[in-house]
Amino acid sequence: MIDEVKFYISLFLRRIHYFLLIVIFFGSIGGFLAFTLPPIFRAQARLLVESPQIPDDLAASTVRAGALELLSVIQQRILTRANLLEMARKFNIYAATPNASVDMIVNDMRNRVGIVLPYTLETGGIVLLSFETPSPALSVEVTNDLLTQVLQQNVALRTEASGQTLDFFENEVTRLDKKLGEQDARILEFKLQHKDALPESLNYRRTRLASLQERALQINRELSSLTDRRGRLEELFERTGRVDLNDANLSPEQRQLRELQEQLASALVIYSPENPRVRALEAQVKALELAVGRQGSENSSPLATAYDLQISDIDGQIAYLADQKEVVEAEMVELTISIDATPENAIALGTLERDYENTRLQFDQATAALNEARTGDRIETLSKGQRIVVIEPASTPDSPSKPNRKMILAAGLGGGIAAGLGFIFLLELLNRSIRRPVELTNGLGIKPFATLPYIRTGRQKLVRRLVITTILLSVAVGLPLGLYMLHLHVMPIDMIVDKVIQKLGLQSILDRLTGSVGG
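Residues numbered from 1 in each chain as written. Predicted model: local features only at pLDDT ≥ 70, side-chain atom pairs only at ≥ 80, totals over all residues. Heavy atoms only, no water.

With respect to the side chain of T342
So, point 1. Looking at the element boundaries, T342 is found in helix α10 (residues 300-381).
So, point 2. At 3.0 Å, the side chain of T342 and the side chain of R205 are in polar contact.
So, point 3. Within the structure, T342 has its side chain in polar contact with the backbone oxygen of S338 (distance 2.6 Å).
So, point 4. Residues in contact with T342, not counting those within four places in the same chain, are A197, L198, P199, L202 and R205. (Helix = DSSP H or I, 4+ residues; strand = E, 2+ residues; numbered from the N terminus. Polar contact = N/O pair within 3.5 Å; in protein donor to acceptor, adjacent residues only side chain to side chain. Contact = heavy atoms within 4.5 Å.)

Structure representation (structure tokens):
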């Protein structure tokens, strides 16, 4: 076991120049970075998300977006390309590097700007703002500018949201009010066009139709009665030449004729027509009829006048009733048509009124929402809702936050040691030559009597040592010098490192190495 240890130690010492070369290489880089990277100062401001000052159950804000959502929007707005370029121009951050590209400035600004949002408001609602720069005063200025932007963006977002809500409901109320007027006008126009066939007057029209039907029946009865009366009057006048049969208006011959006619009728009931008495009564009746006929022709003018007057009066009544019947029947036809059209009109009117009612409900809801929007907008205008307040503005930092020079130097030396050991291990792993008797025995199955080491001359040893020393000194001196010249004449080493880190995605690792996280 001891022999094995001694053998590996001898191997390490034999290749120690490789180890030292690698350690010097990484250590030089680490030392150069540790002492050339500029100090970075980070001023920090603290903000607090406050709860609404007016309880939601009394008056709620119309801004429904949560504080974390608004903060995320603000963060994205601040980190936009245009805003970062404006900040860089405003504070002249890249005056020392006028040839820096726009993309490099934007990426570098995003790395320098620090906006730490709380995970939840229950954890405290603390927002941290910071900006990293080699100048403490510039760090304070930019951080306070970030603070101002956050406050302004928060107010702008909340008032913009409440204002847009208010404008929306104002336009909605105006639109619905106009729509109500249009629908009201359509309903009025429909009612005027169908005023005789609307559903609200259906019961009246049905009652009126029933009344007219009864009136028509009554008119028909009266017409029938007058027609019968006129016929009887014509028959009486043609048969008797008189217009009435009252005894008070009869002449003596007429009264005698009526008596004889009655007697003749009674005799015919008892006797046969050939009976002398019957014959005598018939002769008397004929004689009196001739006499009465002569009286009628002598007095024809007065009788005809009375007859005409009665006939004219009856005809006038019949004509009047006929006109009334036409009017009643015409009105009945109109009522029947309007009653038949009422169901269709009721459906159409119901559709219009239902649309009007739906619009009215929407108008009422929009009006109530408009009142809430006005209250919410007033709350946001007076900053009585949820808001962000400054707990601690940015102040000038006393010491740089990074780089952690000791950590960088230790990382360079540690990386060199690890890389040197790894390189030696890799060389031995790839070397398959026989260097010990035991390897000869294991490899060829023979046992040597003795082994002779390779012995270098003094000159060879000196030359080898000079070569190794020259290489080590060249690396130890030339590498830092080359990096320094690159830093001065090509591009600052910190910007080169940032580019490399961004390309390789090693920002989080560098933050842990430099101690910037939480620093």
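Some remarks on the side chain of R112
So, point 1. Looking at the secondary structure, you find R112 in helix α5 (residues 102-112).
So, point 2. Reaching out from R112, the side chain makes a polar contact with the side chain of D108 at a distance of 2.9 Å.
So, point 3. Apart from residues lying up to four places away in sequence, R112 is in contact with I93, Y94, S130, F131, E132, T133 and P134.

Focus on a nonpolar patch on the surface
So, point 1. The grouping of F425, L426, L429 and L430 at the surface amounts to a nonpolar patch, some 440 Å² of accessible area in total.
So, point 2. Of note, L430 is situated in helix α11 (residues 405-430).
So, point 3. Residue classification places L430 among the exposed positions, given a relative accessible area of 62%. (Patch = residues over 30% accessible without salt bridge, like charges linked within 9 Å, V, L, I, M, F, W, Y side chains within 5 Å. Areas by Shrake-Rupley, 256 points an atom, 1.4 Å probe, with all protein chains shown as cover. Salt bridge = Lys/Arg side-chain N within 4 Å of Asp/Glu carboxyl O. Buried < 20%, exposed > 50% of the residue type's maximum accessible area, 1.4 Å probe, protein only.)

Describing the pairing of strand β1 (residues 41-50)
So, point 1. As judged from the eight bridges shared by β1 and strand β3 (residues 126-133), these two strands associate in the antiparallel manner. If you follow R46 over to β3, its bridge partner there is L128.
So, point 2. Across five bridges, the pairing between β1 and strand β4 (residues 387-392) is antiparallel. When the sheet's bridge partners are listed, L47 is paired in β4 with V390. (Pairing = 2+ DSSP bridges.)

A look at the sheet that holds strand β2 (residues 113-116)
So, point 1. The strand order across the open sheet built from four strands is β2-β3-β1-β4, with neighbouring strands paired in antiparallel fashion. A strand with exactly one partner marks an edge of an open sheet, and here the two such strands are β2 and β4. The mean angle between the axes of side-by-side strands here comes to 25°, regardless of whether they run parallel or antiparallel.
So, point 2. Lying over the sheet, α5 contacts β2 and β3, oriented at roughly 130° with respect to β3.
So, point 3. Where helix α6 (residues 136-193) meets the sheet, its contacts fall on β1, β2, β3 and β4, and the angle it forms with β3 comes to roughly 145°. (Axes fitted to C-alpha atoms, helices over the stretch in contact; angles between N-to-C directions.)

Overview of the nonpolar core
So, point 1. I93, M109 and L129 are the most contacted members of the largest nonpolar core, which totals 33 residues.
So, point 2. Taken together, the elements giving at least two residues each to this core come down to β1, α3 (67-78), α4 (81-91), α5, β2, β3 and α6.
So, point 3. With seven residues, the single largest contributor to this core is α6.
So, point 4. With residues up to four places along the chain from it excluded, the contact list for I93 reads M87, A88, M109, R112, F131, L138 and V142.
So, point 5. The next biggest cluster of nonpolar side chains, apart from the first, holds 16 residues, and it includes L223, L321, L335 and I339. (Core = buried A, V, L, I, M, F, W, Y, C linked by side-chain atoms within 4.5 Å.)

Brief notes about the packing of helix α2 (residues 16-36) against α11
So, point 1. Where α2 contacts α11, the two axes come as close as 8 Å, and the packing angle between them is 160°. Comparing the axis directions of α2 and α11 gives the class roughly antiparallel. Crossing handedness for the pair α2 and α11: right-handed.
So, point 2. Residue composition of the contact of α2 with α11, by class: 17 nonpolar, eight polar and one charged. (Parallel < 35°, antiparallel > 145°, perpendicular 65-115°, else oblique. Left-handed = near helix turned anticlockwise from the far one by under 90°. Nonpolar A, V, L, I, M, F, W, Y, C, P; charged D, E, K, R; others polar.)

Examining the environment of L260
So, point 1. Relative to the assigned elements, L260 resides in helix α8 (residues 252-270).
So, point 2. Each C-alpha atom of the pair L260 and K286 lies 9.9 Å from the other, and the pair is 26 residues apart in sequence.
So, point 3. Filtering out sequence-adjacent residues up to four positions away, L260 remains in contact with L281, Q284, V285 and L288.

Remarks on the pattern of salt bridges
So, point 1. Evaluation of the coordinates by the stated rule reveals 11 salt bridges.
So, point 2. Here R81 makes a salt bridge to D103, at a shortest N to O gap of 2.7 Å. Of the two residues, R81 sits in helix α4 while D103 sits in helix α5, which places them 22 residues apart along the sequence.
So, point 3. Given the relative accessible area of 41%, R81 is considered partly exposed.
So, point 4. With a relative accessible area of 45%, D103 lands in the partly exposed category.
So, point 5. Between R360 and D364 there is a salt bridge, and its shortest N-O distance comes to 2.8 Å. A residue pair is termed a helical-turn pair when its members lie 3 or 4 positions apart in one helix, as R360 and D364 do in helix α10 at four residues.
So, point 6. On the basis of relative accessible area, R360 is assigned to the partly exposed category, the value being 29%.
So, point 7. Linked through salt bridges whose partners overlap, the residues forming this network are E357, R360 and D364.

Such coordinate-based values are descriptive only and should not be taken to indicate function.
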